[in-house]
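# Observations on chain architecture
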Amino acid sequence: SKLNPTIFVIFGGTGDLNKRKLAPALYNLYTEGYMPSKFAIIGTGRTAFTDEKYQKELLHSVNEFSRNGKVKKDKWDVFSQSIHYCTIDIKSQQTFENLKGEIEKYQADFGENTQVIFYLAVAPNLFPLIAQCLHQYKLTGNEENCRIVIEKPFGHDLESAKELNLLLSGIFTEKQIYRIDHYLGKETVQNMMAFRFANSLFEPLWNRTYIEHIQISVTEQLGVGDRGGYYEGAGALRDMIQNHLLQLLCLVGMEAPISFNADEIRDRKVEVLRAVRPFKPEEISSHAVRGQYSKGWVEGKEVPGYRSENGVDAHSNTETFAAVKFFIDNWRWQGIPFYLRTGKRMNQTSSIITIQFKDVPHHIFSNNVAETWQQNRLIISIQPEASIRLQVQSKRPGLDMVLNPVDMVFNYKGTYENDSPEAYETLLLDAILGDQTLFMRGDQVEAAWELVMPIIHTWENKKSLSFPNYAADSWGPEEAEALIARDGYHWFTLP
Ligand code: BG6
């Protein structure tokens, strides 16, 4: 392959993200011929490992978590020769000198165009420390040959996100910084650009004249599981809305870019965030709803309420559900509500975007003819079903004139033979290629924080008296229904 030789250095090399996502993604890229012909993976962590032991650990992980099932032995044997381990202690100069030695060894071996990608799959409090070490030990290279990938969460609020951006920009250029939002790597999320800007059918309708409202709903059946410690300090607004859901909003709401170019696209997205109407403190209660799950039953088994999860305070005020109604103040979207909701321990795991179109201007069919009257809807299902549905009214076959809504469905399954790659395969390959399109630019992250900060402040300053306010396996708190029902709508789910 023509790709530049690449050295991956994974901080958090013994961590969960590497086990579940990064190692399987790198292996799959390798088996599908997308890895550079010369590459090395250097896992780092505090625990000591020999290369052999570390390779065995990763083999377990890849076997367990790869979308392609168990590895092929001959492939793995060759792949694993490129896996190494380096013990790192942030406070120890010696360990960084060792890492530097390893990197230089590969640089010498791989030749001139070798690039280094530092992947920070660690707790966020380590981001600045590691970046500073890379600087101190002169490992930061230049725009062509060195990149740093930063996992989420990028900051805890607007101020800390700004601080982190400032620190990073003192060490790297923006072209070297790859901020992950793994939703952007999802196949169906990438397709939104194609759907909107490679078809002439939809764009003329994609505005306030024809669209009535838009819903972005990302619900999960799982609870917080063993991430209670992290989640307590985060909550649904920080964990999902600030990043994933607002990115989806950008993709739905953005203007057409002039070309498929990273900065061009990110400019258009940031413009959407800047146009979102900021909330005044007194508006929060009518535009945002929070929830926290209580115990309940999931598939015949009793599951604990959030306050009884590991690592969670018994009186916790952290929200596990959030719904927000945004408006975008520009020509395209003036007056059109965007309803966002996300929650854990919900009745369904499903990420869907629904575009509800306005009603026909004049009804020629009487109520009894239209068995069910439904305005046109476009439903983009991101996961688990990967599909796009256009819901239209149709005459039911028969001698009577009776109408009902039907779905025109494009389903990935049945249309395409290949499985979609995992988001991390796409994102790692883009990092190798030096393509920042699917990564967050510094100003984007800050603009997104700016939008959610008033809600965060209001919620933090005022304890919710009704928590927990939704049962596990439900559709969330009643207030979330009321938020949308007040405007005459309801939350949509897939048929
Ligand atoms: C992560 C959140 O960013 O996204 C998790 O921290 C959440 O809380 C996850 O479960 C959802 O991602 P996906 O790809 O499973 O929809």
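Being a predicted model, the structure only gives us computed values, none of them experimental.

Moving on to the overall build of the protein chain. When helices and strands are tallied, the protein chain shows 15 helices and 18 strands. What you see for the protein chain is a C-alpha radius of gyration of 24 Å, in line with the 23 Å of a compact globule of 495 residues. Counting only C-alpha atoms and orienting by the principal axes, one finds that the protein chain spans roughly 80 × 50 × 50 Å. Looking at the 495 residues of the protein chain, the share that counts as buried comes to 53%. Within the protein chain, counting contacts between residues at least 6 apart in sequence, those at least 24 apart form 77% of the total. Carbon together with sulfur atoms contributes 51% to the accessible area of the protein chain, which is approximately 22900 Å² in total. Each charge class in the protein chain can be summarised by its mean position, and for the 52 positive and 62 negative side chains these summaries are 1 Å apart.

Looking now at the packing of aromatic side chains. On inspection of all chains with the given rule, the structure shows 27 aromatic pairs. An angle of 45° between the planes, with centres 5.2 Å apart, marks the rings of Y30 and F79 as tilted. Here F79 lies in helix α3 (residues 73-80) and Y30 lies in helix α1 (residues 16-31), a separation of 49 residues in the sequence. For the ring pair F39 and F79, a centre distance of 5.8 Å and an interplane angle of 35° mean the geometry is tilted. Remark: F79 occurs in helix α3 and F39 occurs in strand β2 (residues 39-45); sequence separation between them is 40 residues.

Moving on: α3. All buried positions along α3 are accounted for by W76, F79 and S80. In a view along the axis of α3, the buried residues occupy a sector of 90°, so they form one face of it. At its buried positions, α3 is contacted by α1, β2, α2 (51-65) and β3 (83-87).

Turning to the sheet that holds strand β1 (residues 6-11), a few remarks are in order. The strand order β3-β2-β1-β4-β5-β6 describes an open sheet built from six strands, whose pairing is parallel. A single partner strand is all that each edge strand has here, and the edge strands are β3 and β6 (177-179). Shown here is a sheet whose adjacent strand axes are inclined to one another by a mean of 20°, direction ignored. In this structure, β2 lies alongside β3, joined through five bridges in parallel fashion. Residue pairing across strands places I42 opposite H84, the latter belonging to β3. Sheet strands touched by α1: β1, β2 and β4 (115-120). Its angle to β1, the strand with the most contacts, is close to 170°.

Attention shifts here to helix α5 (residues 126-136). Of all the residues in α5, the buried ones are F127, I130, A131, C133 and L134. One side of α5 holds all its buried residues, which, seen down the axis, span an arc of 160°. Taken from the residues just after α5, K138 is the one with a positive phi, measuring 55°.

So, on to unusual backbone geometry. With an omega dihedral of -5°, the bond running from K152 to P153 counts as a cis peptide bond. Take P153: it is sitting in the loop between β5 (146-150) and α6 (158-169). The linkage connecting Q383 with the following residue, P384, adopts the cis geometry, with an omega of -10°. Within the element layout of this structure, P384 appears in the loop between β15 (377-383) and β16 (387-395). In this model, E299 sits at a positive phi of 45°, which is unusual for a non-glycine residue. Considering the arrangement of structural elements, one finds E299 in the loop between β10 (296-298) and β11 (301-303).

Glancing now at the side chain of E425. By the element assignment, E425 lies in helix α13 (residues 423-433). Judged by relative accessible area, which is 4%, E425 ranks as buried. A polar atom in the side chain of E425 sits 2.8 Å from the side chain of R67. Among residues more than four places away in sequence, those in contact with E425 are A25, N28, L29 and R67.

Here the protein chain averages 96 in pLDDT, and 99% of its residues register 70 or above. Model confidence for the complex: the whole-complex pTM is 0.97, and ipTM, which rates the interface, is 0.98.

Looking now at the site of the ligand. All residues adjacent to the ligand are K152, H182, Y183, K186, E220, R227, D239, M240, H244, K344 and Q383. Contact distances for the ligand include 2.6 Å between an oxygen atom and a side-chain N or O atom of K186. Between D239 and the ligand, the recorded distance is 2.6 Å, taken from a side-chain N or O atom to an oxygen atom. When the ligand sits alone it has 400 Å² of accessible area, and the protein chains cover 78% of it. Residue composition of the shell around the ligand, by class: two nonpolar, three polar and six charged.

Pairing within the open sheet is mixed, and its eight strands lie in the order β8-β12-β13-β7-β14-β15-β16-β17. Either end of the sheet is taken by a strand with one partner, and the two such strands are β8 (288-291) and β17 (403-411). Recorded for the sheet is a direction-independent mean angle of 15° between the axes of neighbouring strands. In the packing of helix α14 (residues 442-461) onto the sheet, the strands contacted are β8 and β12 (321-326), and the crossing angle to β8 comes to about 50°.

Attention now goes to the state of the cysteines. What makes a disulfide is a covalent bond joining the sulfur atoms belonging to two cysteines. Applying the stated criterion to the full structure yields zero disulfides. C86 provides the cysteine sulfur closest to C133, a residue in no disulfide bond, and the two sulfurs are 13 Å apart. Exposure remark for C133: the relative accessible area of 6% places this residue in the buried category.

Locating V369 in the fold gives a position in the loop between β14 (350-357) and β15. We classify V369 as buried; its relative accessible area is 18%. As a C-alpha pair, V369 and M401 span 32 residues in sequence and 6.1 Å in three-dimensional space. The residues contacting V369, other than those within four sequence positions of it, are M401, V402 and L403.

What counts as what
Residues numbered from 1 in each chain as written. Predicted model: local features only at pLDDT ≥ 70, side-chain atom pairs only at ≥ 80, totals over all residues. Heavy atoms only, no water. Helix = DSSP H or I, 4+ residues; strand = E, 2+ residues; numbered from the N terminus. Rg over C-alpha atoms; globule rule 2.2 N^0.38 Å. Buried < 20%, exposed > 50% of the residue type's maximum accessible area, 1.4 Å probe, protein only. Contact = heavy atoms within 4.5 Å. Areas by Shrake-Rupley, 256 points an atom, 1.4 Å probe, with all protein chains shown as cover. Lys, Arg positive; Asp, Glu negative; His and termini not counted. Charge placed at Lys NZ, Arg CZ, Asp CG, Glu CD. Phe/Tyr/Trp six-rings, centres within 6.5 Å; stacked < 30°, edge-to-face > 60°. Arc of directions from axis to C-beta. Pairing = 2+ DSSP bridges. Axes fitted to C-alpha atoms, helices over the stretch in contact; angles between N-to-C directions. Polar contact = N/O pair within 3.5 Å; in protein donor to acceptor, adjacent residues only side chain to side chain. pLDDT = per-residue confidence, 0-100. Near = heavy atom within 4 Å. Nonpolar A, V, L, I, M, F, W, Y, C, P; charged D, E, K, R; others polar. Disulfide = S-S within 2.5 Å.

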